[in-house]
Amino acid sequence: KTVFVLNGPNLNLLGQREPAVYGMHTLADVEKLCSAACARHGFALRFHQSNHEGALVDWIHEAGRVHAAGDLAGVVMNAGAYTHTSVALHDAIKGTGVTLIELHISNVHARESFRQHSCMAAAARAVMCGFGVPGYGLAIDGLAQLQPAA
Ligand code: DQA
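Residues numbered from 1 in each chain as written. Predicted model: local features only at pLDDT ≥ 70, side-chain atom pairs only at ≥ 80, totals over all residues.

Labelled according to an unreviewed UniProt entry, the protein chain appears under the name 3-dehydroquinate dehydratase, originating from Verminephrobacter aporrectodeae subsp. tuberculatae. Regarding the protein chain, the relevant UniProt record gives this comment under Subunit (unreviewed entry): "Homododecamer." Word for word, the UniProt comment on the protein chain under Pathway (unreviewed entry) is "Metabolic intermediate biosynthesis; chorismate biosynthesis; chorismate from D-erythrose 4-phosphate and phosphoenolpyruvate: step 3/7." (UniProt positions renumbered as here; feature names shortened; annotations may be inferred.)

Next up, the structure:
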């Protein structure tokens, strides 16, 4: 089965962006960590980042097609700031029926009040935040736990 890991705006700046909040790992490091986590569970990985909301919607639709074919383990999504604003991402998750884990590197609840509302959470299967970059691996482990017994 395939795992989609989708990253939203400004996550291409990981490693240089507010390192006290997001750490020193780059997005390339995140991709390596996700490949290793997927390999542990026999999942294929599709890893993407975009600063554009519509591109993220399109990748959820692509995950939806893989889901319809019975080949999706799930989606791990760090939508960045779109988490807090995007009804379109909520609707894409609902509209495709994909199993999606909302992920944040930082503990958004310990930060500014505008980060404490998520448009996506009500459509997500699970929400994780505050584990830093290792959270991506934990989310993939979580998707493995959610798979129906073969
Ligand atoms: C983030 C938290 C969001 O509030 C922020 O806009 C981001 C990153 C995180 O990973 O902690 O871009 O999703």
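A.B. asks: In this structure, what is going on with the UniProt feature "binding site: substrate" (unreviewed entry) in the protein chain? I would like to understand it.
C.D. replies: Mapped onto the present numbering, the UniProt feature "binding site: substrate" (unreviewed entry) falls at N78, H84, D91, I105, S106 and R115. What stands out for the annotated residues spanning 38 residues is how far apart their C-alpha atoms range, the widest pair being 24.4 Å apart. Along the chain, D91 falls in helix 4 (residues 87-96). Relative to the elements of secondary structure, R115 occurs in the loop between strand 4 (100-104) and strand 5 (126-129). Here R115 falls in the partly exposed class, since 17 other C-beta atoms lie within 10 Å of it. Residues within four places of R115 in sequence aside, it is in contact with H84 and V108. (Helix = DSSP H or I, 4+ residues; strand = E, 2+ residues; numbered from the N terminus. Buried ≥ 20, exposed ≤ 12 C-beta atoms within 10 Å, placed from the backbone. Contact = placed C-beta atoms within 7 Å.)

A.B. asks: What should I look at first to understand the sheet that holds strand 4 in this one?
C.D. replies: Strand pairing in a sheet relies on backbone hydrogen bonds. The paired strands run either parallel or antiparallel. Ordered in space as 2-1-3-4-5, the 5 strands form an open sheet in which the pairing is parallel. The outermost strands of the open sheet, each flanked by one partner alone, are strand 2 (44-49) and strand 5. Neighbouring strand axes in the sheet, compared pairwise and without regard to direction, differ in orientation by 15 degrees on average. One ladder, built from 3 bridges, connects strand 3 (residues 72-78) with strand 4; its direction is parallel. From the neighbouring strand, V75 faces strand 4, where its bridge partner is L100. With respect to the sheet, helix 2 (residues 27-41) is in contact with strand 1 (2-7) and strand 2, its orientation differing from that of strand 2 by roughly 160 degrees. (Pairing = 2+ DSSP bridges. Axes fitted to C-alpha atoms, helices over the stretch in contact; angles between N-to-C directions.)

A.B. asks: Just checking my understanding: could you explain the pairing of strand 3 for this structure?
C.D. replies: Every regular strand shows the same layout, with side chains that alternate between the two sheet faces. Counted residue by residue, strand 3 has 7 buried out of 7 residues, so it is predominantly covered. Bridge analysis of strand 1 against strand 3 gives 6 bridges, and the strand direction is parallel. Bridging from a neighbouring strand, N7 pairs with N78 of strand 3. Viewed along the sheet, the connection from strand 3 through helix 4 into strand 4 turns out right-handed. (Right-handed = clockwise from strand over helix to strand, strands pointing away.)

A.B. asks: So what exactly am I meant to see when it comes to the site of the ligand here?
C.D. replies: Close to the ligand lie N10, N78, G80, A81, T83, H104, I105, S106, V108 and R115, which account for all nearby residues. Of the residues that constitute the shell around the ligand, the class distribution is 3 nonpolar, 6 polar and 1 charged. (Near = placed C-beta within 6 Å. Nonpolar A, V, L, I, M, F, W, Y, C, P; charged D, E, K, R; others polar.)

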